[in-house]
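Spelled out from the first residue to the last, the chains are:
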Amino acid sequence: VSELHAILVRVEEPKFLSVPQGQNVRFVCTGISQVSYVLTWIRVGSSLPTTAMDQNGVLTISNARTEDSGTYKCIGSNMYGADEDIATLNVGGA
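Values in this document were obtained by computation on a predicted structure and should not be read as measured data.

Parameters at a glance
Residues numbered from 1 in each chain as written. Predicted model: local features only at pLDDT ≥ 70, side-chain atom pairs only at ≥ 80, totals over all residues. Heavy atoms only, no water. Helix = DSSP H or I, 4+ residues; strand = E, 2+ residues; numbered from the N terminus. Buried < 20%, exposed > 50% of the residue type's maximum accessible area, 1.4 Å probe, protein only. Contact = heavy atoms within 4.5 Å. Areas by Shrake-Rupley, 256 points an atom, 1.4 Å probe, with all protein chains shown as cover. Lys, Arg positive; Asp, Glu negative; His and termini not counted. Charge placed at Lys NZ, Arg CZ, Asp CG, Glu CD. Salt bridge = Lys/Arg side-chain N within 4 Å of Asp/Glu carboxyl O. Disulfide = S-S within 2.5 Å. Polar contact = N/O pair within 3.5 Å; in protein donor to acceptor, adjacent residues only side chain to side chain. Pairing = 2+ DSSP bridges. Axes fitted to C-alpha atoms, helices over the stretch in contact; angles between N-to-C directions.

### Comments concerning the overall build of the protein
Looking only at helices and strands, one finds 0 helices and 8 strands in the protein. Of the regular secondary structure in the protein, the N- to C-terminal order runs β-β-β-β-β-β-β-β. Buried residues in the protein amount to 32% of all 94 residues. A separation of at least 24 residues holds for 61% of the contacts in the protein among residues at least 6 apart in sequence. Carbon and sulfur atoms make up 51% of the accessible area of the protein, which amounts to about 5500 Å² in all. Here the protein contributes 6 positive and 9 negative side-chain charges, whose respective centroids are spaced 4 Å apart.

The structure is reproduced here in structure tokens:
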């Protein structure tokens with residue numbers, strides 16, 4: 001894959017968040033590509049929380065709970081390839 005067609009994906013800082021229960025969480029993922037691409041958030045080892053919304057590279061988790069703690073991965077792909085970056089969430093007790 002040439003650099004012209006490659007995609008570069010990055011989660012903006014902060015990539016690690018530690019928040020109390022009940023707080024809203026937001027991770028922002030950006031992609032750089034010469035051709036159209038899609039950004040998708042997944043949760044490593046599990047499905048996204050039911051309170052999570054993935055829209056245009058922005059992952060929002062409303063009313064975070066301790067069970068939402070974990071590693072989240074943003075995957076960017078275009079017709080030539082893919083790239084990814086991770087974010088980590090730690091939700092503490094109230």
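After that view of the structure, there is still more to cover.
### Notes on the pattern of salt bridges
Pairing is possible between side chains of opposite charge, provided their charged atoms come close. Scanning all chains against the criterion turns up 5 salt bridges. Across the salt bridge formed by Glu 84 and Lys 73, the nearest N and O atoms sit 3.4 Å from each other. With Glu 84 in strand β8 (residues 81–92) and Lys 73 in strand β7 (residues 70–78), this residue pair connects regions lying 11 residues apart in the sequence. Residue Glu 84 is classed as partly exposed on the basis of its relative accessible area, which comes to 42%.

### A word on the state of the cysteines
Inspection of every chain in the model, using the stated rule, returns 1 disulfide. In this model, Cys 29 is linked to Cys 74 through a disulfide, with the two sulfur atoms separated by 2.0 Å. Measuring the twist about the S-S bond at about -85°, one finds the Cys 29-Cys 74 disulfide to be left-handed. With a gap of 45 residues between them, Cys 29 in strand β3 (residues 25–33) and Cys 74 in strand β7 connect regions that are remote in the sequence.

### With respect to the side chain of Asn 78
Locating Asn 78 in the fold gives a position in strand β7. A distance of 3.0 Å separates a polar atom in the side chain of Asn 78 from a polar atom in the side chain of Ser 33. Sequence-distant contacts of Asn 78, defined by excluding residues within four places in its chain, comprise His 5, Ala 6, Ile 7, Ser 33, Val 35, Ser 36 and Tyr 37.

### Examining the environment of Ala 87
Along the chain, Ala 87 turns up in strand β8. Considered as a pair, Ala 87 and Ser 62 are 25 residues apart in the sequence and their alpha carbons are 16 Å apart. Once residues within four sequence positions are removed from consideration, Ala 87 is found in contact with Val 11, Lys 15, Phe 27, Trp 41, Gly 70, Thr 71 and Tyr 72.

### Let's talk about the sheet that holds β7
The mixed open sheet is built from 4 strands, whose spatial order is β2-β8-β7-β4. Where the open sheet ends on each side, the last strands, each with one partner, are β2 (16–20) and β4 (38–43). Taken over all neighbouring pairs, the strand axes of this sheet differ in orientation by 25° on average, direction set aside. Bridge analysis of β4 against β7 gives 6 bridges, and the strand direction is antiparallel. Paired with Val 38 across the two strands is Ser 77, which belongs to β7.

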